[in-house]
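Fold and contact review
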Amino acid sequence: MLTRTQTLGKFPIALSMGQRLTAQMRACASWATIEEHDKILDMACGDGALLNYLNNHYRLTLCGMCDSPEQARAVREQLGDADVIYAQMEDIPWRDHTFDALMLSSPMRGDARRILDEALRVLKYGGQLVVAMPAFHFHQEGEIGRREMMRLMQEAGFGEVSFRITGLTGALVGWKKTILPEA
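Let me begin by describing the structure that accompanies this report. Fair warning: this is a prediction, and the values are worked out from it, not measured in the lab.

Turning our attention to helix 2 (residues 49–57). Restricting attention to buried positions, one finds in helix 2 the residues Ala49, Leu50, Leu51, Asn52 and Leu54. Where helix 2 is buried, its residues touch helix 1 (23–31), strand 3 (39–42), strand 4 (61–66), helix 3 (69–79), strand 5 (83–86) and strand 6 (99–104).

The next subject is the packing of aromatic side chains. Within this structure, the stated rule accounts for 1 aromatic pair. Ring geometry for tryptophan 94 against phenylalanine 99: centres 5.3 Å apart, planes inclined by 80°, an arrangement best described as edge-to-face. Each of the two residues, tryptophan 94 as well as phenylalanine 99, counts as buried. Taking NZ or CZ as reference, lysine 39 lies 5.6 Å from the ring centre of phenylalanine 99, over its face. If you follow lysine 176 out to its NZ or CZ, it ends over the ring of tyrosine 125, 4.6 Å from the centre.

Moving on: the nonpolar core. Core analysis: the biggest nonpolar cluster contains 31 residues, and Leu41, Met43, Leu102, Leu116, Leu129 and Phe158 have the highest contact counts within it. Of all elements in the fold, only strand 4, strand 6, helix 4 (112–122), strand 7 (123–134), helix 5 (146–156) and strand 8 (158–166) reach the threshold of two or more residues within this core. No other element matches the 6 residues that helix 4 contributes to this core. If near-sequence neighbours (up to four positions away) are discounted, leucine 129 is found in contact with Met43, Leu102, Leu116, Ala119, Leu123, Met153, Phe158, Leu172, Val173 and Gly174.

Axis separation between helix 2 and helix 3 bottoms out at 11 Å; the angle between their running directions is 15°. Comparing their axes, helix 3 and helix 2 come out roughly parallel. With respect to the hand of their crossing, helix 2 and helix 3 are arranged in right-handed fashion. Between helix 2 and helix 3, the contacting residues are Leu51, Asn52 and Asn55 on the first element and Val75, Gln78 and Leu79 on the second. Here the contact of helix 2 with helix 3 is built from residues that sort into 3 nonpolar, 3 polar and no charged.

Here we take up unusual backbone geometry. Trans is the common state for peptide bonds, and a negative phi is the common state for residues other than glycine. In this model, histidine 37 sits at a positive phi of 70°, which is unusual for a non-glycine residue. You can see histidine 37 is positioned in the loop between helix 1 and strand 3. Of note in the backbone geometry, glutamate 160 takes a positive phi value of approximately 50° without being a glycine. Locating glutamate 160 in the fold gives a position in strand 8.

What follows is about the pattern of salt bridges. This model, assessed by the stated rule, comprises 6 salt bridges. Taking the shortest distance from any N to any O, the salt bridge between aspartate 96 and arginine 121 comes out at 2.8 Å. Residue aspartate 96 is located in the loop between strand 5 and strand 6, and its partner arginine 121 is located in helix 4; the two are separated by 25 residues in the primary sequence. On the basis of relative accessible area, arginine 121 is assigned to the partly exposed category, the value being 24%.

Criteria and cut-off values
Residues numbered from 1 in each chain as written. Predicted model: local features only at pLDDT ≥ 70, side-chain atom pairs only at ≥ 80, totals over all residues. Heavy atoms only, no water. Buried < 20%, exposed > 50% of the residue type's maximum accessible area, 1.4 Å probe, protein only. Helix = DSSP H or I, 4+ residues; strand = E, 2+ residues; numbered from the N terminus. Contact = heavy atoms within 4.5 Å. Phe/Tyr/Trp six-rings, centres within 6.5 Å; stacked < 30°, edge-to-face > 60°. Lys NZ or Arg CZ within 6 Å of the ring centre and 35° of its normal. Core = buried A, V, L, I, M, F, W, Y, C linked by side-chain atoms within 4.5 Å. Axes fitted to C-alpha atoms, helices over the stretch in contact; angles between N-to-C directions. Parallel < 35°, antiparallel > 145°, perpendicular 65-115°, else oblique. Left-handed = near helix turned anticlockwise from the far one by under 90°. Nonpolar A, V, L, I, M, F, W, Y, C, P; charged D, E, K, R; others polar. Salt bridge = Lys/Arg side-chain N within 4 Å of Asp/Glu carboxyl O.

Below, the structure written as structure tokens:
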């Protein structure tokens with residue numbers, strides 16, 4: 001239960017360590033293959049609840065991207081060690097092959113192909129992308145459906161793309177291939 005909330009512009013930022021995970025965040029946390037000391041990127045970390053959960057349950061290097069500089073600052077203050085920045089998913093400002101896993105618990109908006117290309121670029125070989133999706137065909141206008149997202153992930157170069165259900169929400173899981181494709 002949240003004990004205190006600070007509002008920065010239009011974003012409510014939770015400052016309590018008792019943040020609750022959404023169903024989408026639970027799906028990402030449930031289906032991500034995480035090992036101690038992995039480097040994880042939450043591609044749309046919002047109020048930092050998923051990062052906070054991961055921080056409390058694992059020894060990880062955590063990074064996050066937010067929709068506004070104010071939101072990023074508030075999450076950084078809350079988590080301390082996490083590297084949380086303001087950035088767009090189409091332009092992830094980390095080096096190639098940086099992360100063991102990427103998580104996206106909010107709907108992917110924007111240029112999905114470019115976002116997936118960026119995700120693939122910053123993942124280490126053998127790294128994992130976990131994208132929360134509705135378990136059923138309920139998606140809002142402008143959001144990409146599960147089958148389309150699976151196809152786009154495969155076209156981008158992710159291997160072993162699968163859908164895994166957690167209640168009414170599920171997660172698409174794809175792996176960065178460890179062998180480079182022949183040119």
